[in-house]
Amino acid sequence: DSVAQGRGIKCSQCTKVLKRFKKLAGDDPDEAAVAAALQKGCRLLGRVMGKVCQQLVKKYQDQITEGLQNGDMPRDICSAMGFCQS
């Protein structure tokens, strides 16, 4: 849990970001659709959250991509990354 605190990203912020990615990526995204959603999603969040979003994507891109492609719920993906209590 110290990783989550150290990154300054809370469960609710992570979940919010992942919900946006999921919406942008569509229902059955391929890797390219997920990558595009990650880039666009961070830009749409504004400067402060966008920066946090980009750090999140940089560090956890593989987990986020896999989770979105598997159809996992945003909260479950955030739990797997250690931002939410499962």
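One numbering rule holds for all chains: residues counted from 1, following each sequence as written. This being a predicted model, a pLDDT of at least 70 is required before a residue's local features are given, and a value of 80 or more before pairs of side-chain atoms are given or counted; all residues contribute to the totals for chains, interfaces and linings. The basis for the side-chain values is all heavy atoms of the structure; hydrogens and waters are excluded.

S.K.: How would you summarise a negative patch on the surface if you had to cite specific residues and measurements?
M.R.: Patch definition: residues above 30% relative accessible area lacking any salt bridge, with like charges linked at up to 9 Å and the nonpolar side chains Val, Leu, Ile, Met, Phe, Trp and Tyr linked at up to 5 Å. For accessible areas, the Shrake-Rupley method is used with a probe of radius 1.4 Å. Any residue's cover is judged against the shown protein chains and nothing else. Whenever Lys or Arg places a side-chain nitrogen within 4 Å of a carboxyl oxygen from Asp or Glu, that contact is recorded as a salt bridge. Positive charges are assigned to Lys and Arg, negative charges to Asp and Glu, while His and the chain termini are left out of the count. A charge is said to be at NZ when it belongs to Lys, at CZ for Arg, at CG for Asp and at CD for Glu. A contiguous patch of negative charge on the surface is contributed by Asp 27, Asp 28, Asp 30, Glu 31, Asp 62, Glu 66, Asp 72 and Asp 76. The topology assignment puts Glu 31 in helix H3 (residues 31-43). The classification of residues rests on relative accessible area computed with a 1.4 Å probe and restricted to protein chains. Under 20% of the type maximum is buried, over 50% is exposed, and intermediate values are partly exposed. The class of Glu 31 is exposed, set by a relative accessible area of 58%. Secondary structure counts use DSSP, requiring at least four H or I residues in a row for a helix and at least two E residues in a row for a strand, with both numbered from the N terminus.

S.K.: Kindly report on the confidence of the model for the chain, identifying the contributing residues and their values.
M.R.: Looking at the chain as a whole, its pLDDT mean stands at 86, while 88% of the residues score no less than 70. Predicted confidence in the chain is weakest over helix H1 (residues 2-7), with a mean pLDDT of 48, and strongest over helix H5 (residues 74-80), with 93. Within a predicted model, pLDDT stands for the predictor's per-residue confidence, ranging from 0 to 100.

S.K.: Go over the packing of helix H2 (residues 11-25) against helix H4 (residues 47-70), please, and point to the residues and values.
M.R.: At a minimum axis separation of 11 Å, H2 and H4 run at an interaxial angle of 65°. As for how H2 packs across H4, the hand of that crossing is right-handed. In this structure, H2 contributes Gln 13, Val 17, Leu 18, Phe 21 and Lys 22 to the contact, and H4 contributes Met 49, Cys 53, Leu 56, Val 57, Ile 64 and Leu 68. Only Asp, Glu, Lys and Arg are considered charged in this grouping, and only Ala, Val, Leu, Ile, Met, Phe, Trp, Tyr, Cys and Pro are considered nonpolar; every other residue, Gly among them, is considered polar. Tallied by class, the residues present in the contact of H2 with H4 amount to 9 nonpolar, 1 polar and 1 charged. What counts as an axis is a line fitted to C-alpha atoms, over the stretch in contact for a helix, and the angles between N-to-C directions run from 0 to 180 degrees. The hand of a helix crossing depends on one turn: near helix anticlockwise from the far one by less than a right angle means left-handed, and clockwise means right-handed. Should any heavy atoms of two residues lie within 4.5 Å, those residues are considered in contact.

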